Amino acid sequence: MPRYDGAEVPPKILARLRALCLALPGAYEEPAWVGTRWMVRKRTFAHVLTIYRGRPAAYARAAGSEGPLVVMTVRAARPAHDALCAKGRPYFHAAWGTKWGAQVVGIRLEGRIKWAEIASVIAASYAQLAK
């Protein structure tokens, strides 16, 4: 198992997310306080990290896992946020997102990842912040 340092996102997942995010106009990537984030106009529209041994604690609580588990968070408007969270796994509510004026949805990136669906939620998050 990887040691927790916030950078242990599997390279294949990171590369796939990078391709989706950087294909959007004006999007750029940077290291986050833990993991990697993609931004537009200085605002984060996607953030990926690995939960390991219950850290980071807020993510572990929200995802319901001590890890290891790769999770991504995106922004979502209220109707979409509620619909995604109501679906259950792989989606979860990230309560801390309300501080920024947009709801945050977490996505567990495990098992068979539905990349077309991931691309759609990334694009919607980006569109909300690129205005």
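Structure first, text after, so check above.
Here the structure is a predicted model, which is why all the values come from computation and not from measurement. (Residues numbered from 1 in each chain as written. Predicted model: local features only at pLDDT ≥ 70, side-chain atom pairs only at ≥ 80, totals over all residues. Heavy atoms only, no water.)

## Re the overall build of the protein chain
Helix and strand counts for the protein chain stand at 4 helices and 6 strands. Computed over its C-alpha atoms, the radius of gyration of the protein chain comes to 13 Å, within 12% of the 14 Å expected for a compact globule of 131 residues. With the C-alpha coordinates of the protein chain rotated into their principal frame, the extents come out at 40 × 30 × 30 Å. Expressed as a percentage of contacts within the protein chain between residues at least 6 apart in sequence, the contacts between residues at least 24 apart total 52%. Only carbon and sulfur atoms are counted for the fraction: they give 56% of the accessible area of the protein chain, which is about 6,900 Å². Of the side chains in the protein chain, 20 bear a positive and 8 a negative charge, and the two mean positions are spaced by 4 Å. (Helix = DSSP H or I, 4+ residues; strand = E, 2+ residues; numbered from the N terminus. Rg over C-alpha atoms; globule rule 2.2 N^0.38 Å. Contact = heavy atoms within 4.5 Å. Areas by Shrake-Rupley, 256 points an atom, 1.4 Å probe, with all protein chains shown as cover. Lys, Arg positive; Asp, Glu negative; His and termini not counted. Charge placed at Lys NZ, Arg CZ, Asp CG, Glu CD.)

## Examining the pattern of salt bridges
For the structure shown, the criterion picks out 5 salt bridges. In this structure, the salt-bridge partner of glutamate 29 is arginine 18, at a minimum N-O distance of 2.7 Å. Taken together, the residues span a long stretch of sequence, with glutamate 29 in strand E1 (residues 28-31) and arginine 18 in helix H1 (residues 11-22) at a distance of 11 residues. Owing to a relative accessible area of 31%, arginine 18 belongs among the partly exposed residues under this scheme. A salt bridge links glutamate 117 to lysine 87; the nearest nitrogen and oxygen atoms lie 3.3 Å apart. Here the residue glutamate 117 occupies a position in helix H4 (residues 115-130), and lysine 87 occupies one in helix H3 (residues 78-87), the gap between them amounting to 30 residues. On the basis of relative accessibility, which here comes to 52%, the residue lysine 87 falls in the exposed class. (Salt bridge = Lys/Arg side-chain N within 4 Å of Asp/Glu carboxyl O. Buried < 20%, exposed > 50% of the residue type's maximum accessible area, 1.4 Å probe, protein only.)

## Concerning the sheet that holds E1
Strand pairing within a sheet occurs via backbone hydrogen bonds; the two strands may be parallel or antiparallel. Pairing within the open sheet is antiparallel, and its 6 strands lie in the order E1-E2-E3-E4-E6-E5. Of all the strands in the sheet, the pair left with one neighbour each is E1 and strand E5 (91-94). On average, adjacent strands in this sheet sit at an angle of 25° to one another, irrespective of strand direction. Of the pairings in the sheet, the one linking E1 to strand E2 (residues 36-40) comprises 4 bridges and is antiparallel in character. By the bridge assignment for E2, proline 31 is matched with threonine 36. In this fold H1 packs onto E1, E2, strand E3 (43-51) and strand E4 (69-76), with an angle of close to 5° to the strand it touches most, E2. (Pairing = 2+ DSSP bridges. Axes fitted to C-alpha atoms, helices over the stretch in contact; angles between N-to-C directions.)

## Describing the state of the cysteines
Enumeration according to the criterion identifies 0 disulfides in this entry. The structure places no disulfide on cysteine 21, whose sulfur is separated from the nearest cysteine sulfur, that of cysteine 85, by 19 Å. (Disulfide = S-S within 2.5 Å.)

## So, the pairing of E2
Among the 5 residues that make up E2, 4 are buried, leaving the element largely enclosed by the rest of the structure. Hairpin connection from E1 to E2: 4 residues lie between these consecutive antiparallel strands, with glycine 35 at a positive phi of about 80°. Bridge analysis of E2 against E3 gives 5 bridges, and the strand direction is antiparallel. Bridging across to E3, tryptophan 38 finds its partner in alanine 46.

## Regarding the packing of aromatic side chains
What the rule picks out here adds up to 2 aromatic pairs. Taking the centre distance of 6.1 Å and the plane angle of 45° together, the rings of tryptophan 33 and tyrosine 59 count as tilted. Within this pair, whereas tryptophan 33 is found in the loop between E1 and E2, its partner tyrosine 59 is found in helix H2 (residues 57-63), the two being separated by 26 residues in sequence. With relative accessibility at 6%, the residue tyrosine 59 sits in the buried group. Consider the rings of phenylalanine 45 and tyrosine 126, whose centres lie 5.4 Å apart with planes at 80°: the pair is edge-to-face. Within this pair, whereas phenylalanine 45 is found in strand E3, its partner tyrosine 126 is found in helix H4, the two being separated by 81 residues in sequence. Accessibility expressed as a relative area gives 1% for phenylalanine 45, which makes it buried. Judged by relative accessible area, which is 11%, tyrosine 126 ranks as buried. (Phe/Tyr/Trp six-rings, centres within 6.5 Å; stacked < 30°, edge-to-face > 60°.)

Interpretation note: all reported values are geometric properties and have no functional meaning in isolation.
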